[in-house]
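# Descriptive structure summary
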Amino acid sequence: MPQHKISPDSPIGIFDSGIGGLTVVKAVQACLPSERLIYFGDTARVPYGSKSQVTIRKYGREDTELLMKYQPKMIIVACNTVSALALDVVQQTSGEIPVIGVLKAGAELAVNQTRSGRIGIIGTRATIYSNAYACAINEIDRNIEVFSKACPLFVPLAEEGFIDHAATRLIAEEYLSELLSKQIDTLVLGCTHYPILRGMIESITGPGIRIIDSAEAVAGKARELLSAESMLNPGTKHAVPHLMVSDLPQKFRELYRLFMGTEMPDVELVEM
Ligand code: DGL
């Protein structure tokens, strides 16, 4: 991959398997409002969380190649599944451009927040079976106990907008009961879609458990890194993100409103 010249005005590239990564766009916008963001959501091939490692790695490389055409100064992997199984591929594909994934940022924040040293992780099957969160946490502190639970139904529930729905509550209670019995004091939302269900999850876990939103964690990390490299965009304008998707499902506009709380700007359709 040829190297390109980067400057503080260069964009930040963000990608996800679909629209869920908009939770990361929202967090980065809140933290770094004048940064130019280029977002790619692979809506034609979502979900990644139920696919094999080989496929996830191939998609991760192709998504990064697409973003590299826009000469970004940084790439943020908004997808937990790609962060868990293919971060090295993204790094190789982006050459010397710094890459940050939601997983490491979320793991670090969880380690900082836990008092009891008992952390719960929820995510897609691929993320949970990879054990990547537990590895990242135990790399920082090997005395921390990590308890994980795959919650595959949360993604379709969030996409259906079943945020405050009785069915979601039943499923969430079922998924979370096992983790709650482990006396965790910190729970990582290890999937792009879960911040949408945060209110419901919190109402079940109660006030004694700190919720870690990987989207917020990665945004804070991006700011730290850009600031350390003197690469923060000095502009004062609030930049509108450039959005790209590989398929434009009918309900995209609706989902955009759900994830971002605002009307959808223009979206570019790209072929993968
Ligand atoms: N973006 C995925 C993640 O954060 C969730 C959706 C999917 O399975 O592709 O793990």
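Remember, it's a predicted structure, so these values are computed and weren't measured experimentally.

Our next topic: unusual backbone geometry. In the segment running from V46 into P47, the intervening peptide bond is cis, with an omega of 0 degrees. Looking at where P47 falls in the secondary structure, it is placed in the loop between β2 (37–41) and α2 (53–68). Its identity is not glycine, yet N131 carries a phi of approximately 65 degrees, on the positive side. Mapped onto the elements, N131 comes out in the loop between α6 (125–130) and α7 (132–140). Overall, N131 belongs to the partly exposed group, its relative accessible area being 41%. Within the chain, S230 stands out as a residue other than glycine whose phi angle is a positive 50 degrees.

With that settled, the discussion passes to the site of the ligand. Of all residues adjacent to the ligand, which total 13 residues, the nearest are D16, S17, Y48, G49 and T81. S17 places a side-chain nitrogen or oxygen 2.6 Å from an oxygen atom of the ligand. Separating an oxygen atom of the ligand from a backbone N or O atom of N80 is a distance of 3.0 Å. Of all the cavities here, the one that holds the ligand is the largest pocket. Of the residues assigned to the shell around the ligand, the class counts are five nonpolar, seven polar and one charged.

In this model, the largest pocket occupies a volume close to 370 Å³. The set of elements that each furnish at least two residues to the lining of the largest pocket consists of α3 (80–85) and α8 (154–159). A total of three residues in the lining of the largest pocket trace back to one element, the largest contributor, which is α8. Class assignment of the residues belonging to the lining of the largest pocket gives a composition of 11 nonpolar, 10 polar and four charged.

This part is about the packing of helix α5 (residues 102–113) against helix α11 (residues 214–228). Working note: a packed helix pair is described by the angle between its axes plus the distance between those axes. Between α5 and α11, the shortest axis-to-axis distance is 8 Å and the interhelical angle comes to 95 degrees. In this view, α5 runs roughly perpendicular relative to α11, as classed from their interaxial angle. Contacts from V102, K104, A105, G106, E108 and L109 of α5 reach α11 at S214, A217, V218 and K221. Among the residues making up the contact of α5 with α11, the classes are represented as five nonpolar, two polar and three charged.

Conventions used here
- Residues numbered from 1 in each chain as written.
- Predicted model: local features only at pLDDT ≥ 70, side-chain atom pairs only at ≥ 80, totals over all residues.
- Heavy atoms only, no water.
- Helix = DSSP H or I, 4+ residues; strand = E, 2+ residues; numbered from the N terminus.
- Buried < 20%, exposed > 50% of the residue type's maximum accessible area, 1.4 Å probe, protein only.
- Near = heavy atom within 4 Å.
- Polar contact = N/O pair within 3.5 Å; in protein donor to acceptor, adjacent residues only side chain to side chain.
- 1 Å grid on protein atoms, 1.4 Å probe; cavity = no way out; pocket = protein on both sides within 12 Å on 5 of 7 lines; lining within 4 Å.
- Sits in = over half its atoms within 2 Å of the grid points.
- Nonpolar A, V, L, I, M, F, W, Y, C, P; charged D, E, K, R; others polar.
- Points joined across faces, edges and corners; volume = space filled by probe spheres on them.
- Axes fitted to C-alpha atoms, helices over the stretch in contact; angles between N-to-C directions.
- Parallel < 35°, antiparallel > 145°, perpendicular 65-115°, else oblique.
- Contact = heavy atoms within 4.5 Å.

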